[in-house]
Amino acid sequence: MTSWLTVINVARYHLIQRVIYVVMPWAILAFSFAVNLVVAAETPGNHTGGLASIYTYIFFCGLLSTSRSLPFGLALGVSRRCYYLGTAGLAAVYGLALTVLQAIERATGGWGVTLHFFRVTYILAGPWYLTWLTSFVGLALLFVYGMWFGIVYRRWNVTGLVAFIAGQITVLLAATLIATWTHAWPGIGHFFSALRAAGLTGVLAALTATLFAGGLTTIRQATV
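## Regarding the overall build of the protein
Scanning the protein from N- to C-terminus turns up 9 helices and 0 strands. Taken over the C-alpha trace, the protein has a radius of gyration of 19 Å; the compact-globule value for 224 residues is 17 Å, and the two agree within 12%. The dimensions of the protein, computed from C-alpha atoms along their principal axes, are 50 × 50 × 30 Å. If you sum the accessible surface of the protein, you get close to 12,000 Å²; carbon and sulfur atoms cover 74% of it.

## Here's the deal with the side chain of Thr201
One can find Thr201 in helix H9 (residues 197-219). When residues no more than four places from it in sequence are discounted, the contact partners of Thr201 are Leu130, Leu133, Thr134 and Val137.

## Description of the packing of helix H1 (residues 4-14) against helix H5 (residues 80-107)
It is the contact of H1 with H5, at a shortest axis distance of 8 Å, that shows an interaxial angle of 55°. Of the possible angle classes, the one that applies to H1 and H5 is oblique. Here H1 runs over H5; the crossing is right-handed. From H1, Trp4, Thr6, Val7, Val10, Ala11 and His14 reach across to H5, where they touch Cys82, Tyr83, Leu85, Gly86, Thr87 and Leu90. Partitioned by chemical class, the residues of the contact of H1 with H5 number 8 nonpolar, 4 polar and no charged.

## Details of helix H2 (residues 18-42)
Given 3.6 residues to a turn, an α-helix orients residues that are three or four positions apart in the same direction. The terminal C-alpha atoms of H2, which comprises 25 residues, lie 35 Å apart, in line with the 36 Å expected from a rise of 1.5 Å per residue. Most pronounced at Met24, the bend in H2 amounts to some 30°, and the proline Pro25 follows within four residues. Within H2, burial applies to Ile20, Tyr21, Pro25, Leu29, Ser32, Phe33, Asn36 and Ala40.

## Quick notes on the packing of H5 against H9
Between H5 and H9, the least distance of the axes is 10 Å, while the angle of their chain directions is 140°. On the basis of their axis angle, the class for H5 and H9 is oblique. In the packing of H5 onto H9, the handedness of the crossing is right-handed. Contacts between H5 and H9 pair Arg80, Arg81, Tyr83, Tyr84 and Leu85 from the former with Leu211, Phe212, Gly215, Leu216 and Ile219 from the latter. When the residues that make up the contact of H5 with H9 are grouped by side-chain class, the tally is 7 nonpolar, 1 polar and 2 charged.

## Structural notes on helix H3 (residues 52-68)
Its 17 residues place the ends of H3 24 Å apart at the C-alpha level, agreeing with the 24 Å of an ideal helix rising 1.5 Å per residue. Every buried residue of H3 is accounted for by Ser53, Ile54, Tyr55, Tyr57, Ile58, Phe59, Cys61, Gly62, Ser65 and Thr66. The inward-facing, buried residues of H3 contact H1, H2, helix H4 (70-75), H5 and helix H7 (128-181).

## As for the confidence of the model for the protein
Per-chain confidence: the protein averages 87 in pLDDT, with 95% of residues scoring 70 or above. Predicted confidence in the protein is weakest over H4, with a mean pLDDT of 73, and strongest over H7, with 92.

## Section: the environment of Phe59
Considering the arrangement of structural elements, one finds Phe59 in helix H3. With 86 residues separating them in the primary sequence, Phe59 and Tyr145 have C-alpha atoms 6.8 Å apart. Once residues lying within four places of it in the same chain are set aside, the contact partners of Phe59 are Leu142, Tyr145, Gly146 and Phe149.

## Some words on the packing of aromatic side chains
Enumeration according to the criterion identifies 15 aromatic pairs in this entry. Aromatic rings pair up to connect Phe59, Phe60, Tyr145, Trp148, Phe149 and Phe164 into one cluster.

## Topic: the environment of Val144
Inspection of the secondary structure puts Val144 in helix H7. A relative accessible area of 2% places Val144 in the buried class. Note: C-alpha distance between Val144 and Ala52 (92 residues apart in sequence) is 17 Å. The residues touching Val144, leaving out its near neighbours within four places in the chain, are Tyr84, Ala88, Thr208, Leu211 and Phe212.

Procedures and definitions
Chains are numbered independently. Their residues run from 1 in the order of the written sequence. Thresholds applied to this predicted model are a pLDDT of at least 70 for local features of residues and 80 or more for the giving and counting of side-chain atom pairs; totals over whole chains, interfaces and linings are not thresholded and use all residues. Heavy atoms from the whole structure form the basis of all side-chain values; hydrogens and water molecules are not counted. The helix count covers DSSP runs of H or I at least four residues long, the strand count covers runs of E at least two residues long, and both are numbered beginning at the N terminus. Radius of gyration here is computed from C-alpha atoms only, and the compact-globule reference equals 2.2 Å multiplied by the residue count raised to the power 0.38. In these tables, accessible area is a Shrake-Rupley quantity obtained with a 1.4 Å probe, and a residue counts as shielded only by the protein chains included in the view. We call two residues contacting when some pair of their heavy atoms lies within 4.5 Å. Fitted lines through C-alpha atoms serve as axes, helices being fitted only where they are in contact, and the angles separating the N-to-C directions of these axes extend from 0 to 180 degrees. Throughout, the term roughly parallel applies to angles under 35 degrees, roughly antiparallel to angles over 145, roughly perpendicular to angles from 65 to 115, and oblique to all others. Left-handed describes a crossing whose near helix is turned anticlockwise from the far helix by less than a right angle; the clockwise case is right-handed. Polarity classes work like this: nonpolar for Ala, Val, Leu, Ile, Met, Phe, Trp, Tyr, Cys and Pro, charged for Asp, Glu, Lys and Arg, and polar for all others, with Gly in that last group. Residue count minus one, scaled by 1.5 Å, sets the expected span of a helix. Bend, in this description, refers to the angle at a residue between axes fitted to the seven residues ending there and the seven starting there. Buried means the residue's accessible area, taken with a 1.4 Å probe over protein chains only, is under 20% of the maximum for its type, while exposed means over 50%, and partly exposed covers the values in between. As a per-residue quantity, pLDDT reports the predictor's confidence and falls between 0 and 100. Aromatic pairs are defined between Phe, Tyr and Trp rings, using the six-membered ring for Trp, whenever the two ring centres lie within 6.5 Å; interplanar angles under 30 degrees are classed as stacked, those over 60 as edge-to-face, and all others as tilted.

The structure is reproduced here in structure tokens:
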């Protein structure tokens, strides 16, 4: 049985490494924001993709967590499940921080220059609770995905990692060919174009759960 107190303690344990989990992601985001703010001051009304910087870094956070934190965490008696949940749970905190920043952006009229940095058209433009949920799911998705890469490397080294990547490419190629041969692209396009932000969040949540299950299965075989 999963101890949620242990899960919370695992998340707090990661925050000991402040440079990786606190300083770097927000420093990268702050730099991206500053660049976009300067640009928006000259060309008001900008919709940027700068927010993607923190999502990209979170993927690498997940990757690094399996090499820097996993061995020590398991040595302390933390179960693999609790470690996995606690690490991915950091996304909930980051998502809340992004939600607060979006609220400030709305209140200031886009930081005074109508900049849409934390408000992303369609997916991050709704009420605060949906913004938090979508941010949390998106960050958790990339964190879990990065962790899975790291776990595969710990278990099977470079050979396994290359095979893991090749397997994903093969699956995507097969899915593309099947969709083409069955003339399913119009239906797929209609499905996604009809989705609202909440629906897309649900799809991403399902994908996150799938990646979580795959990573959890792999982490049980990981060597420390």
